[in-house]
Number of protein chains: 4
Amino acid sequence: MTERNIRVQTLDRGAVEDEAVEIVERKGIGHPDSICDGIAERVSRELAQTYLDRVGKVLHYNTDETQLVAGNAAPAYGGGEVVEPIYILIVGRATKYYVDDDGVEHHIPVDSIALEAARDYLREHFPDLDLETDVIVDVKLGEGSGDLQDVFGEDGKQVPMANDTSFGVGHAPLTETETLVLETERYLNRAFHDDHPGIGQDVKVMGKREGDQIDLTVAAAAVDAYIDGLDDYEALVGDIQSAVLDLADEYTTRDVSVHVNTADDYEDGSIYLTTTGTSAEQGDDGSVGRGNRANGLITPNRSMSMEATSGKNPVNHIGKIYNLLSTEIAHSVVDEVEGIRDLRVRLLSQIGRPIDEPHVADVHVVTDDDTAIADVEADIQAIVDDELANVTDITQRVIDGELSTF
Amino acid sequence: MTERNIRVQTLDRGAVEDEAVEIVERKGIGHPDSICDGIAERVSRELAQTYLDRVGKVLHYNTDETQLVAGNAAPAYGGGEVVEPIYILIVGRATKYYVDDDGVEHHIPVDSIALEAARDYLREHFPDLDLETDVIVDVKLGEGSGDLQDVFGEDGKQVPMANDTSFGVGHAPLTETETLVLETERYLNRAFHDDHPGIGQDVKVMGKREGDQIDLTVAAAAVDAYIDGLDDYEALVGDIQSAVLDLADEYTTRDVSVHVNTADDYEDGSIYLTTTGTSAEQGDDGSVGRGNRANGLITPNRSMSMEATSGKNPVNHIGKIYNLLSTEIAHSVVDEVEGIRDLRVRLLSQIGRPIDEPHVADVHVVTDDDTAIADVEADIQAIVDDELANVTDITQRVIDGELSTF
Amino acid sequence: MTERNIRVQTLDRGAVEDEAVEIVERKGIGHPDSICDGIAERVSRELAQTYLDRVGKVLHYNTDETQLVAGNAAPAYGGGEVVEPIYILIVGRATKYYVDDDGVEHHIPVDSIALEAARDYLREHFPDLDLETDVIVDVKLGEGSGDLQDVFGEDGKQVPMANDTSFGVGHAPLTETETLVLETERYLNRAFHDDHPGIGQDVKVMGKREGDQIDLTVAAAAVDAYIDGLDDYEALVGDIQSAVLDLADEYTTRDVSVHVNTADDYEDGSIYLTTTGTSAEQGDDGSVGRGNRANGLITPNRSMSMEATSGKNPVNHIGKIYNLLSTEIAHSVVDEVEGIRDLRVRLLSQIGRPIDEPHVADVHVVTDDDTAIADVEADIQAIVDDELANVTDITQRVIDGELSTF
Amino acid sequence: MTERNIRVQTLDRGAVEDEAVEIVERKGIGHPDSICDGIAERVSRELAQTYLDRVGKVLHYNTDETQLVAGNAAPAYGGGEVVEPIYILIVGRATKYYVDDDGVEHHIPVDSIALEAARDYLREHFPDLDLETDVIVDVKLGEGSGDLQDVFGEDGKQVPMANDTSFGVGHAPLTETETLVLETERYLNRAFHDDHPGIGQDVKVMGKREGDQIDLTVAAAAVDAYIDGLDDYEALVGDIQSAVLDLADEYTTRDVSVHVNTADDYEDGSIYLTTTGTSAEQGDDGSVGRGNRANGLITPNRSMSMEATSGKNPVNHIGKIYNLLSTEIAHSVVDEVEGIRDLRVRLLSQIGRPIDEPHVADVHVVTDDDTAIADVEADIQAIVDDELANVTDITQRVIDGELSTF
């Protein structure tokens, strides 16, 4: 039926949902590592779109190396200040000069695009970060290696060639603990923030499940301009805790306990107060690819790729594409095929081969008691085959910002 | 009458106005060196004001070393773009930590202040420079040397001590050529710009007088967004030329010829077109103290101080104070005393002595034919004495932005 | 027997050695990410040793964020050159000022130490990298957050408190494929390099096993000064291939095929030639924690920690300590206890608790057919307990450079 | 006799030697501004030589913008240390890519050349500056503006065209005070240093003459490794004073008093002690063109050019060439023509004209009582004419390092 090398097998462990101990973490969008992920991905998207607009195709680039150097701040009830700005260095490669088939020369302002993309991203996501005083954005984008551009240049081909021997992995469905960790951060940074502007974007959520007991540990920065004193702060912490408990009810019937800002010491006056909403203002450096995986989580119970997904070129960077695609495939299968309790998709590329023909696409499945692997094998293969055939959709969805990378 | 060491003598040359050849230059506010001067001085003023607001006195700082690294641009009729942003590094020293007499600790956000001051300055003066895409402002402000702070710390004293053995020099009146050069740049960057937004801020004026023939050479950047083609450009150049000729009539009866953008070559299409209004966008680096002296001019016919005035601390940096003060004195004398054709004031400090007691204040005068030096000596001494007595006014006027430093 | 929370259980998957498909990767010491790892760890060790020498204990620091921006090079047979130097930015926090119990003030030259450590590291490991022309090392080390210093300051305590809720994981024994990948890189960078100076340090090894077929893909930079033409290059590639095949015989009886520099295209003259021995010279950026895990490998078949181990403070950075310790424990158990086919140790910290008392220490075991979990449980617990009791040994061994972190 | 526009006139002031008050200053090679001058000029020379070696002619470049950001140091008797390295940023433009007439492409490693040149310069001149710990050298060299390259590209022409309307000025002979200031610094940094390694390179000499009384104020850094205590320091200061007094006897019969390190306060222990020999280690920033003029001095009694001479391209940068040439001419005239007491040469260029045909070459002379201007006019004109005809010699001598620029 398919010529692609797709294998479906039983996963030789149980479902993560059934393991005795489960650990999950999510670094929220205001964590210094996530700030870097977010900037790198925004820069990537703006570059890709500019290339499309100007020369009709995405040229070689890679911007997956943003480095953040923490600042110094003096937060204070009612509003403190940043004493030493955060320094952000955008690093990568991008094609600056291109001659199109008509002989027209194009100079692409990649540094200016990167600068603006980073500043726009910060402005949109960090309402309490003053771009005029709190952050310095610097750029070092070199030209890429000539060889890599060849891989791109072959126009007639619909499907690009893999630029590396690389590996992507995706899982579905999320466990309850994973879901809780992911949704808690999103909720706090969206709906809760709308009502509670005193919560900053640097929200880190750690979930630990032992048997049926789930502990959610939330570290959430408070923004000093909205906090007039310790009472306000305690109220905010209390609101976070009860809101997260309420949220948890929607996703699990297990026992959930929620701990917020456990390192606080009210006696000492040591609390998690910031001026900008992120610990990047004071001592926490960050860089790309050090935090959440492509599915938004850090899941030591599951196999993970080390590949940094954010900032990479979505046309031919195989690590990026396969991490996103395998995650998409995993969710598609679980959505469409009944009886699957846990599923892992791994895609291994072969350098120089079309990216819709991975060296191996192996799918490991844990079925429920009523389902045999043979019952689902054909359906799974068909879905994988179909998703691989449409691999280039991933590229466009990344450029359009429809796929999150961290 | 006075205990200050004030000497009045005949200048052993004739008036500059009477020399056979005179050369004068002004780098307009958009020249890369002037951009650095302007930023350095704005940073200085904001720091000084912040210190006054927070701790009641100006603490040690010195910010006279801004470095500008040129960008790359692709100007184009109707509007081009900056391809590689200008990089501006603010360098200096500033007190970051201070314990006041009540034991209160102050952390002064000097880096954030410098960053904001620089960006504000650019925003106010460069309407065609997009701060989000065209420029990166970086900051490296260290702590100053401990010793220098002692000079400042002695509170009871009204008049600070000189921090160095240094020298300031001022001249008055300006010659016609000097006046023309100064006023031409100001006019083009103000009234003319209001009517002709296509002229950029990078206006450089060179004046050469041989006998009674004055040549004004103007190099003025055009801003591409306002220039739709070569015709527009030629019209702008023509307007500049005729406007400057008209302006010249107000200041001199000598023959004046005006040359604008002489390096243009219309055949080759080589014209002075920019996107941002400054050559800093393409290849022209800049730094503080490399351009205009404190009176706004470069005057090789006159003795000049090498001291960079912009960015220096106006409380005790004796080079800055004496350059500004000597210029003020020169103008005061010429305004108040009749019969003076040319006048030079030199102030030489003595390290560790109050700045109102210079080691030497010597005034060299060229009087007109009807006036003897003895006729004016006493008046001059009195004015010098009075201005020295009020030396600290200079400090406040600098902080208030009333005195231009470049 | 022990009060520590140590659990020993059956691993709910088979041994990795028995899985159908296995993927393993190692980025050699010359890979840009590994260069950053190596520098960060060297900087860390030198800082730790300096603190010990000067104030008798390790003060707060964290230097796990080195960023490398690739240069540009023009390699050529017989010796090319670096056209644009590699830029390396050392980022982190370190205590610069300390008052000891006797009231003596210490100013620690952390920036100078970092600079020298990085340059020493490069000099020692990269014989073909000219430190005078090929690399710029820059430093941005801030002061850390005050709160963290408290955790450190409590002198009487032998065992530090955990600074975070974090997680470490270790595995033993290595599979054949893992062993091959690890030993191949080490061999090429050591013994092989001694005989073949034409091989650079940027050796990347990817191992893939399907059933009993192992494919080793080696990407090894050649150093142009030792390569006079394509013949030399082909000879080097051939020598690498046969040497690795020979090496493989020592570790496995499975079928092994070795592929070297598969992206080469001799017809196009496109080969992996460098001037410095690392792709950092041309287009490949790098940063800390993006490559090998603490055991020197990237192993998607196994659970991994995202924590960057290199550059972190080995006294109380719990992520670093637990990753190294769990790996040590795993190997100790396998060395001392018979019948274990695969073993995973996970250590989960609890912020504010002594690091020898993890929240959970869980050990998952795959025993061989003749061994029951009950047979080994007590021995394993005893070893884990003992290793935890001696957790602070890890710190000293890290400072002494005995433990590799990448 | 000559078609060049050479004018010889009486100088309308007396000789500087006869003025009542004279002020002269020299910043020694270790002053932060001079360090920048020295690096900029060395970078320039190495670039020029590389272009000559590789493509047979000097391509467009300009490297006159080095910025030094001071470090922090903790000097101590017997040997202290640099706590925070000095940061030096080399700024400018240089041609990186060139296609020669045979169609051969050249990639010139301008950044690597600049880096090495700067480090070599520091190594050669600053024996107490440890390049591994005390200084970070960074480079930002852009490509120049395309237009300027045209001026260069016209091969057949022997004499380049002026790239700007610019101005150079030279004086001869030096006054006694000028000679003393210049020779004092040279002596202290050469012969005296050979015997007294405890003196650093940061020697600043200020000369003030009132009538026949000359005051030399020397600020000389001591190097802590050679100074074991205050006694050593006092001995060094005493040796400097007596050595300079002895030196003065060779150059003048006027009364000379010598003051060394007047800001010292032995009671407070406040002395001018350094670890590296330069105040750049602690709080004193520097940049190019802020210190000595092309003749090595700052001479407010004489007209000076603002043009930074160091780092500029010696082929067509007219400001550099004319400042050096006018100084050469002045000395030649004084050497060869009798009866000249003071002489000033000014060269004014005209953009786009050959540089051996200045717009004006005016020579102002003060003759002694026995000599009329008519007696010397023809000789002077001949010398000026001859030197202008050989203007391109200046270029080669600059590249060879025979001409000092600061």
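Residues numbered from 1 in each chain as written. Chains lettered and ligands numbered in written order. Predicted model: local features only at pLDDT ≥ 70, side-chain atom pairs only at ≥ 80, totals over all residues. Heavy atoms only, no water.

- The name given to chain A in an unreviewed UniProt entry is S-adenosylmethionine synthase, with the source organism recorded as Halocalculus aciditolerans.
- Annotation of chain A in UniProt includes, under Function (unreviewed entry), the sentence "Catalyzes the formation of S-adenosylmethionine from methionine and ATP." (UniProt positions renumbered as here; feature names shortened; annotations may be inferred.)

1. Remarks on the packing of aromatic side chains
Phase 1: The full count for this structure, using the stated rule, is 12 aromatic pairs over all chains.
Phase 2: When the ring centre of Tyr87(C) is taken as origin, the NZ or CZ atom of Lys140(A), which lies over that ring, is 4.0 Å away. (Phe/Tyr/Trp six-rings, centres within 6.5 Å; stacked < 30°, edge-to-face > 60°. Lys NZ or Arg CZ within 6 Å of the ring centre and 35° of its normal.)

2. A look at the pattern of salt bridges
Side-chain pairs of opposite charge can arise where the charged atoms are in close proximity.
Phase 1: Scanning all chains against the criterion turns up 133 salt bridges over all chains.
Phase 2: Notably, a salt bridge pairs Asp212(A) with Arg254(A), separated by 2.9 Å at the nearest N-O pair. With Asp212(A) in the loop between strand 12 (199-210) and strand 13 (213-223) and Arg254(A) in the loop between helix 5 (230-251) and strand 14 (255-260), this residue pair connects regions lying 42 residues apart in the sequence.
Phase 3: You can call Arg254(A) buried: its relative accessible area is 17%.
Phase 4: Linked through salt bridges whose partners overlap, the residues forming this network are Arg119(A), Asp120(A), Arg123(A), Glu132(A), Arg119(B), Asp120(B), Arg123(B) and Glu132(B). (Salt bridge = Lys/Arg side-chain N within 4 Å of Asp/Glu carboxyl O. Helix = DSSP H or I, 4+ residues; strand = E, 2+ residues; numbered from the N terminus. Buried < 20%, exposed > 50% of the residue type's maximum accessible area, 1.4 Å probe, protein only.)

3. Some points on the interface of chain A and chain B
Phase 1: Listed as interface residues are 25 residues of chain A and, on the opposing side, 25 residues of chain B.
Phase 2: Carbon and sulfur atoms supply 49% of the area that chain A and chain B bury against each other, a total of about 2000 Å² over both sides.
Phase 3: At the junction of chain A with chain B, the criterion picks out 6 salt bridges.
Phase 4: In this structure, the salt-bridge partner of Arg119(A) is Glu132(B), at a minimum N-O distance of 2.8 Å.
Phase 5: Along the contact surface separating chain A from chain B lie 10 residue pairs in polar contact (both at pLDDT 80 or more).
Phase 6: Breaking the side of chain A that touches chain B down by element, the ones donating at least two residues are strand 6 (81-84), helix 2 (110-125) and strand 10 (135-142) of chain A.
Phase 7: Residues that form the side of chain A that touches chain B fall into these classes: 13 nonpolar, 3 polar and 9 charged. (Contact = heavy atoms within 4.5 Å. Buried area = accessible area lost by both parts, 1.4 Å probe. Polar contact = N/O pair within 3.5 Å; in protein donor to acceptor, adjacent residues only side chain to side chain. Nonpolar A, V, L, I, M, F, W, Y, C, P; charged D, E, K, R; others polar.)

4. Observations concerning helix 7 (residues 373-389) of chain B
Residue and element names in this part refer to chain B.
Phase 1: In a regular helix each residue adds 1.5 Å, so 17 residues correspond to 24 Å; helix 7 covers 24 Å between its end C-alpha atoms and thus fits that length.
Phase 2: Among all positions in helix 7, only Val376, Ile380, Gln381, Ile383, Val384, Asp385, Glu387 and Leu388 are buried.
Phase 3: In this structure, the buried residues of helix 7 make contact with strand 1 (6-10), helix 6 (318-336), strand 17 (340-348), strand 18 (360-367) and helix 8 (391-399). (Expected span 1.5 Å × (residues − 1).)

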